[in-house]
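Coordinate inspection notes
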Amino acid sequence: MTKYWAVTPTSALLADGAPIAELDTSGTPGFTGDKKAGTQLLAERSPVLSDLQEKLYANGRSGDRRSVLLVLQGMDTAGKGGIVRHVIGSVDPQGVDHAAFGVPSREERRHHYLWRIHKALPRAGQLGVFDRSHYEDVLVVRVHNMVPPTEWERRYDEINAFEHELVDEGTTLVKIAMFISLDEQKKRLAERLERPDKYWKFKPADIDERAFWPAYQEAYQAVLDRTSTDYAPWYVLPADHKWFARLAVTELLIAAFLRLKLDWPPALFDIAEQKRRLAQA
Ligand code: AMP
Ligand code: MG
């Protein structure tokens, strides 16, 4: 028997409007099972996501302009890469448009901050995945005063307008902010220093960033307060448990795909006639 775990939009992962300071990052809201049950459920739900994604892809090939865009935000080690590997990794890669946003290149810096975002938007029928996003331009940029406050201040409205346009053009946005505790981050950074297979993920600057944790919390709170809209709401995800984060993202994506009411595109040929032709070929 397949257990079904429903996620209701906006309120499932954190009471609407509750400050993130009150979030229990080790919680598993909406799910009462343990790691074993969660991992098992994920194995059952991944094929459901995969099937829905294939339907979107098939419709895209048949002229449907719609797409889905998963926006992942979170501090270093929050698990964004793991979501890409384990959740997105379970769907057909040809239907995925993936983009990771790091420190802007020299060319990117010469353009408006949304320039590189526009270039990476999912094509029709695709599942887009942003590992970091335009929100860095009101997070790291705000925390480190990379532009004057008057500049980042107007970006919230600008981002809302940009996202509204995207939604109008047929993109379903699934914005997920992953939160871990400061302690959990320390553990994960320590692991990166213990394991040769994780050295590549470690940057000495990640340790310096820990001093800015409260400033980041404040900047994240502003993002949630000012850019969670009815057309593109934020989901706040407690991410200390990787298995829970993966399950929750899978469910949120499934819910988003189901809202598209996708069906397999109809045959654009006479099936009986083609069967006859094939029999004789
Ligand atoms: P990672 O995700 O670990 O590869 O790190 C990417 C780094 O790029 C993070 O430290 C981000 O804060 C940084 N980054 C991403 N976007 C921007 C931006 N628009 N301006 C400055 N730094 C950024
Ligand atoms: Mg990093």
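Keep in mind that what you see is a predicted model, and the values were worked out from it rather than measured. (Residues numbered from 1 in each chain as written. Chains lettered and ligands numbered in written order. Predicted model: local features only at pLDDT ≥ 70, side-chain atom pairs only at ≥ 80, totals over all residues. Heavy atoms only, no water.)

Once that is clear, we can look at the packing of aromatic side chains. The full count for this structure, using the stated rule, is 5 aromatic pairs. Residues tyrosine 135 and tryptophan 234 carry aromatic rings whose centres are separated by 4.8 Å and whose planes lie at 70° to one another, so their mutual orientation is edge-to-face. Placement of the pair is tyrosine 135 in the loop between strand S3 (127-131) and helix H5 (140-143) and tryptophan 234 in strand S5 (residues 234-238), with a sequence separation of 99 residues. Arranged with centres 5.3 Å apart and planes meeting at 75°, the rings of phenylalanine 179 and tyrosine 220 form a pair that is edge-to-face. Pair noted here: phenylalanine 179 is in strand S4 (residues 171-179) and tyrosine 220 is in helix H10 (residues 213-227), with a separation of 41 residues, a long-range link. Aromatic rings pair up to connect Phe31, Trp243 and Phe244 into one cluster. Seen from the ring of tyrosine 113, arginine 155 lies directly overhead, with NZ or CZ sitting 4.3 Å from the centre. (Phe/Tyr/Trp six-rings, centres within 6.5 Å; stacked < 30°, edge-to-face > 60°. Helix = DSSP H or I, 4+ residues; strand = E, 2+ residues; numbered from the N terminus. Lys NZ or Arg CZ within 6 Å of the ring centre and 35° of its normal.)

What follows concerns the site of ligand 1. Residues in contact with ligand 1 amount to 13 residues; listed here are only the nearest, Val103, Arg116, Arg132, Glu136 and Asp137. In the environment of ligand 1, a nitrogen atom lies 3.2 Å from a nitrogen or oxygen atom belonging to the backbone of glycine 102. Contact distances for ligand 1 include 3.0 Å between an oxygen atom and a side-chain N or O atom of glutamate 136. Look at ligand 1: alone it shows 500 Å² of surface, and the protein chains cover 76% of it. When its residues are assigned to classes, the shell around ligand 1 shows 6 nonpolar, 1 polar and 6 charged. (Near = heavy atom within 4 Å. Polar contact = N/O pair within 3.5 Å; in protein donor to acceptor, adjacent residues only side chain to side chain. Areas by Shrake-Rupley, 256 points an atom, 1.4 Å probe, with all protein chains shown as cover. Nonpolar A, V, L, I, M, F, W, Y, C, P; charged D, E, K, R; others polar.)

Taken together, the 5 strands give an open sheet; going across it, the order is S2-S3-S1-S4-S5, and neighbouring strands pair in parallel fashion. In this open sheet, the two strands that pair with only one neighbour each are strand S2 (96-100) and S5. With direction set aside, neighbouring strand axes in the sheet form an average angle of 20°. The pairing of S2 with S3 spans 5 bridges and is parallel. Residue pairing for S3: histidine 98 is matched across the bridge by valine 129. (Pairing = 2+ DSSP bridges. Axes fitted to C-alpha atoms, helices over the stretch in contact; angles between N-to-C directions.)

The end-to-end C-alpha separation of helix H1 (residues 35-61) is 38 Å, in line with the 39 Å expected for 27 residues at 1.5 Å each. Of all the bends in H1, the greatest, near 30°, is centred on glutamate 44, and the proline proline 47 appears no more than four residues after it. Positive phi shows up at glycine 63, right after H1, with a value of about 100°. (Expected span 1.5 Å × (residues − 1). Bend = angle between axes of the 7 residues up to and from the residue.)

Bringing the nonpolar core into the picture now. Membership of the largest hydrophobic core comes to 76 residues, with the highest contact counts inside it found for Leu70, Phe130, Val174, Ile176, Met178, Leu253 and Phe257. Tallying contributions element by element places helix H11 (residues 242-259) first for this core, with 11 residues. Not counting chain neighbours up to four residues away, the residues in contact with phenylalanine 130 comprise Leu69, Leu70, Val71, Leu72, Ala99, Phe101, Ile117, Ala120 and Leu121. (Core = buried A, V, L, I, M, F, W, Y, C linked by side-chain atoms within 4.5 Å. Buried < 20%, exposed > 50% of the residue type's maximum accessible area, 1.4 Å probe, protein only. Contact = heavy atoms within 4.5 Å.)

Relative to each other, helix H7 (residues 155-168) and H10 sit at 50°, their axes nearing to 10 Å. Judged on the interaxial angle alone, H10 and H7 are oblique. Classified by chirality, the crossing of H10 by H7 is right-handed. Of the residues in H10, those touching H7 at Tyr156, Asn160 and Glu163 are Ala222, Val223, Arg226 and Thr227. Here the residues of the contact of H7 with H10 are counted per class, giving 3 nonpolar, 2 polar and 2 charged. (Parallel < 35°, antiparallel > 145°, perpendicular 65-115°, else oblique. Left-handed = near helix turned anticlockwise from the far one by under 90°.)

We now examine H10. The first and last C-alpha atoms of H10 sit 21 Å apart over 15 residues, in line with the 21 Å expected at 1.5 Å per residue. Considered for burial, the residues of H10 that qualify are Trp213, Tyr216, Ala219, Tyr220, Gln221, Ala222, Val223, Leu224 and Thr227.

Another point: the pairing of S3. Within S3, 5 of the 5 residues are buried, which leaves it mostly tucked inside the rest of the structure. By the alternation rule, side chains of S3 split into Leu127, Val129 and Asp131 and Gly128 and Phe130, which are all buried. Sheet topology note: the strand S1 (residues 67-74)/S3 ladder contains 5 bridges and is parallel. Each bridged residue has a counterpart across the sheet, and for leucine 70 the counterpart in S3 is valine 129.

Attention now moves to the packing of H1 against H11. Interhelical geometry of H1 versus H11 gives an angle of 30° and a closest axis separation of 9 Å. The angle between H1 and H11 falls in the class roughly parallel. The two elements H1 and H11 cross, and the hand of that crossing is left-handed. For the pair H1 and H11, the contacting residues are Lys35, Gly38, Thr39, Leu41, Leu42, Arg45, Ser46, Val48, Leu49, Leu52, Gln53 and Leu56 in the first and Trp243, Arg246, Leu247, Thr250, Glu251, Leu253, Ile254, Phe257 and Leu258 in the second. Residue composition of the contact of H1 with H11, by class: 12 nonpolar, 5 polar and 4 charged.

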